[in-house]
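Examining the three-dimensional arrangement
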Amino acid sequence: MSVEHEKQRAAEAAAELVEDGMTVGLGTGSTVAHLLPALARRGLSLRCVATSPRTEEAALTLGLRVEPFGSIDRFDIAIDGADQIAPDGWLVKGGGAAHTREKIVAAAADRFVVIADSGKRVTALHPPVPLELLEFGLAATMRLLHPVSLRDVPRSPDGGVIADYHGAVDDLAGLAALLSATPGVVEHGLFPPAMVADVFVAHGDSVQHDHHVEPRT
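Residues numbered from 1 in each chain as written. Predicted model: local features only at pLDDT ≥ 70, side-chain atom pairs only at ≥ 80, totals over all residues. Heavy atoms only, no water.

A tally of helices and strands in the chain yields six helices and 13 strands. Taken over C-alpha atoms, the radius of gyration comes to 17 Å for the chain, in line with the 17 Å a tight globule of 217 residues would show. Across its three principal directions, the C-alpha atoms of the chain cover 50 × 35 × 35 Å. Across the 217 residues of the chain, 51% fall into the buried class. Look at the contacts in the chain between residues 6 or more apart in sequence, and 71% of them connect residues 24 or more apart. With the model as given, the accessible surface of the chain reaches about 9700 Å², and the carbon-plus-sulfur share is 55%. Counting 18 positive and 29 negative side-chain charges, the chain places the centres of these two groups 2 Å from one another. (Helix = DSSP H or I, 4+ residues; strand = E, 2+ residues; numbered from the N terminus. Rg over C-alpha atoms; globule rule 2.2 N^0.38 Å. Buried < 20%, exposed > 50% of the residue type's maximum accessible area, 1.4 Å probe, protein only. Contact = heavy atoms within 4.5 Å. Areas by Shrake-Rupley, 256 points an atom, 1.4 Å probe, with all protein chains shown as cover. Lys, Arg positive; Asp, Glu negative; His and termini not counted. Charge placed at Lys NZ, Arg CZ, Asp CG, Glu CD.)

Here you go:
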């Protein structure tokens, strides 16, 4: 079974959680690309916010209503992909360089749902961990973060420099705190289990649904 088919199955399963009248945060990436048509086919009245220009353009093309984030301060649900999913619910995100906006939207959602193909499950998270850095003082920030490398990609939608941390990721909570506390780091790609309500992972035609935490209210 192809990876794209698994992404589509996971996306379609998560789309069924969305109800008429909801505010919806839309993630970024190849799995979300399958979510958008699944949502559009349902014909619901939704207010959506996109985490990247690419997602916004695709959603608008499909007829979904996309608004600026400034007009919405919370979401009923946010749905996004992941690069790595650990057994305890920790995630690595940011392969598409949109992790800052994705984390802001996830944190604002009552229910953050992750969709993925079977290849995204790992026994333990491993480097690299995506970073978004300020350009101001970049060399000094990178020295503090060593080992880190700049990624040869465009800036984030908000002008941040995209980089990857290549050090040990054994203590996830400790590393997340360290990265967050480093001056010049806008955001990192470690998402804690407490942020994640549901994970849908497709294995061939079947979809495994793991419920991690109760949706916030």
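So much for the structure itself; the text now carries on.
Glancing now at the environment of Asp110. Among the structural elements, Asp110 can be located in the loop between α4 (99-107) and β6 (112-117). With 24 residues separating them in the primary sequence, Asp110 and Ala86 have C-alpha atoms 22 Å apart. Residues contacting Asp110, with those up to four places away along its chain left out, are Arg74, Phe75, Asp76, Pro215 and Arg216.

The residue Gln84 is located in strand β4 (residues 84-85) in this model. Of the polar contacts made by the side chain of Gln84, one reaches the backbone oxygen of His126; its length is 2.9 Å. Dropping the residues within four chain positions of it, Gln84 is found in contact with Trp90, Leu91, Val92, Lys120, Val122, Ala124, Leu125, His126 and Pro128. (Polar contact = N/O pair within 3.5 Å; in protein donor to acceptor, adjacent residues only side chain to side chain.)

With that settled, consider the packing of helix α1 (residues 3-15) against helix α2 (residues 32-42). It is the contact of α1 with α2, at a shortest axis distance of 8 Å, that shows an interaxial angle of 40 degrees. With respect to α2, the axis of α1 lies oblique. With respect to the hand of their crossing, α1 and α2 are arranged in right-handed fashion. Residues Glu4, Lys7, Gln8, Ala11, Glu12 and Ala15 of α1 form the contact with α2, whose participating residues are His34, Leu35, Ala38, Leu39, Arg41 and Arg42. Its residues assigned to classes, the contact of α1 with α2 shows five nonpolar, two polar and five charged. (Axes fitted to C-alpha atoms, helices over the stretch in contact; angles between N-to-C directions. Parallel < 35°, antiparallel > 145°, perpendicular 65-115°, else oblique. Left-handed = near helix turned anticlockwise from the far one by under 90°. Nonpolar A, V, L, I, M, F, W, Y, C, P; charged D, E, K, R; others polar.)

Our next topic: a nonpolar patch on the surface. On the surface, Leu134, Phe136 and Val186 cluster together into a nonpolar patch covering about 340 Å² of accessible area. Note that Leu134 resides in the loop between β7 (129-133) and α5 (138-145). (Patch = residues over 30% accessible without salt bridge, like charges linked within 9 Å, V, L, I, M, F, W, Y side chains within 5 Å. Salt bridge = Lys/Arg side-chain N within 4 Å of Asp/Glu carboxyl O.)

Time to look at the sheet that holds strand β8 (residues 148-150). Strands sit in the order β8-β9-β7-β10 across an open sheet of four strands; the sheet is antiparallel. Each end of this open sheet is capped by a strand with a single partner; those strands are β8 and β10 (185-188). With strand direction ignored, the average angle separating the axes of adjacent strands in the sheet is 30 degrees. Of the pairings in the sheet, the one linking β7 to strand β9 (residues 161-165) comprises five bridges and is antiparallel in character. Its bridge partner lying in β9, Pro130 is registered against Asp164. Packed onto the sheet, α4 meets β7, β9 and β10 and runs at close to 70 degrees relative to β10. Docked against the sheet, helix α6 (residues 172-181) engages β7, β9 and β10, running at close to 155 degrees with respect to β10. (Pairing = 2+ DSSP bridges.)

This part takes up the pattern of salt bridges. Tallying each qualifying case throughout the model produces 16 salt bridges. As a salt-bridge pair, Arg111 and Asp198 come within 2.7 Å of each other at their nearest N and O atoms. Taken together, the residues Arg111 in the loop between α4 and β6 and Asp198 in strand β12 (residues 198-203) connect sequence positions 87 residues apart. Under the relative-accessibility criterion, Asp198 is labelled buried at 0%. Several salt bridges converge on common partners, so that one network encompasses Arg9, Glu12 and Arg41.

A few words now on unusual backbone geometry. Residue Pro128 is bonded to the preceding Pro127 through a cis peptide linkage, with omega at 5 degrees. Structurally, Pro128 can be placed in the loop between β6 and β7. Across the junction of His146 and Pro147, the peptide omega takes the value 5 degrees, indicating a cis bond. With a phi angle near 70 degrees, Ala97 is a residue other than glycine that sits in the positive phi range. Among the secondary structure elements, Ala97 is positioned in the loop between β5 (91-92) and α4. For Ala97, a relative accessible area of 11% puts it in the buried group.

Don't take any of this as a statement about function, it's just geometry.
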